[in-house]
Structure formats: structure tokens, C-alpha cells
Amino acid sequence: QVQLVESGGGLVQAGGSLRLSCKASGTLFSIHAMGWYRQAPGKQRELVATITPGDNTNYADSVKGRFAISRDNAKNTVYLQMNNLRPEDTAVYYCMAKTYSEVWGQGTLVTVSS
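Summary of the structure given here. Worth saying up front: this structure is predicted, and the values here are computed from it rather than measured. (Residues numbered from 1 in each chain as written. Predicted model: local features only at pLDDT ≥ 70, side-chain atom pairs only at ≥ 80, totals over all residues. Heavy atoms only, no water.)

**Here we look at the nonpolar core**
1) Next: Core analysis: the biggest nonpolar cluster contains 28 residues, and Leu4, Met34, Trp36, Leu80, Met82 and Tyr93 have the highest contact counts within it.
2) Next: Elements supplying a minimum of two residues to this core: β1 (2–7), β3 (18–26), β4 (33–39), β5 (46–51), β7 (67–72), β8 (77–82), β9 (91–98) and β11 (108–113).
3) Next: Those residues within four positions of Met82 in sequence are excluded, and the remaining contacts are Gly16, Ser17, Leu18, Leu20, Arg66, Phe67, Tyr93 and Val110. (Core = buried A, V, L, I, M, F, W, Y, C linked by side-chain atoms within 4.5 Å. Buried < 20%, exposed > 50% of the residue type's maximum accessible area, 1.4 Å probe, protein only. Helix = DSSP H or I, 4+ residues; strand = E, 2+ residues; numbered from the N terminus. Contact = heavy atoms within 4.5 Å.)

Structure (C-alpha cells):
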């Protein structure tokens, strides 16, 4: 089994930066992709960024050039570096690991103030 724990959310001013972390534990060999999703208040959950074991990445158009997903295998951790944050980035951010099914973390809240 795979378990995910997110951290790093909080309150930040528009234009600021924040880094989210997602630490994975369990049967890590079963993971063939990981990603970050977010869900804004009253909105559907949406894809933010994904990364594969080969370090292939892709991003939602709304965050391209501002966000960067990366991983540290020694720490079993995936990161989401968020720069030039905007109020519309406010959401609960969820880490996801793709195995034979999808495994989700508990979420971490990011609030961007004007």
C-alpha cells in the first residue's frame, strides 16, 4: 500500500512563493506517476502538475511558468514550488500517487491574499 502526507500550505500574499511537500510511504515500487491537484472553494478538483519516475513533467496552463514539480527519491518526497502566487491559486492542494489505482493525501490549504 501507499500512503501520502502533504505539508507546506498556509497563508501567503499575492506575488509570494510557497513550497508544498508530499511524503510517500509503503510499496513505492508500485508508483508510476505522481501529481498535484487542487480544489478551490465551490469548484471541481483540477490537475495542477504531474511527474513520472523518469522526471517527465506536465502542467496545467494556468500554472505554467509559475509552478514547478520535482522529487527527491532519497526522501520519498515530491514537491510543488509555487511562485508568483495569485488569489485564484487559493485552494486545497492534494497529492496523488498513481499505482493500480489512485492514492490521495489528506490535502493542505493554500490561501493567497491580495
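**Some words on the state of the cysteines**
Linking two cysteines covalently via their sulfur atoms produces the bond known as a disulfide.
1) Next: The tally for this structure, following the rule as stated, stands at one disulfide.
2) Next: Between the sulfur atoms of Cys22 and its disulfide partner Cys95 the distance amounts to 2.0 Å. Given an S-S torsion of about -80 degrees, the disulfide between Cys22 and Cys95 has left-handed geometry. Highlighted residues: Cys22 in strand β3 and Cys95 in strand β9, separated in sequence by 73 residues. Here Cys22 matches Cys95 in class, with each residue buried. (Disulfide = S-S within 2.5 Å.)

**Focus on the layout of surface pockets**
1) Next: The space that makes up the largest pocket amounts to roughly 250 Å³.
2) Next: Along its surface, the largest pocket is lined by 14 residues, and Leu28, Ile31, Met34, Arg71 and Asn73 are the ones closest to its centre.
3) Next: Looking at the lining of the largest pocket, the elements that each hand over two or more residues are β4, β7 and β8. (1 Å grid on protein atoms, 1.4 Å probe; cavity = no way out; pocket = protein on both sides within 12 Å on 5 of 7 lines; lining within 4 Å. Points joined across faces, edges and corners; volume = space filled by probe spheres on them.)

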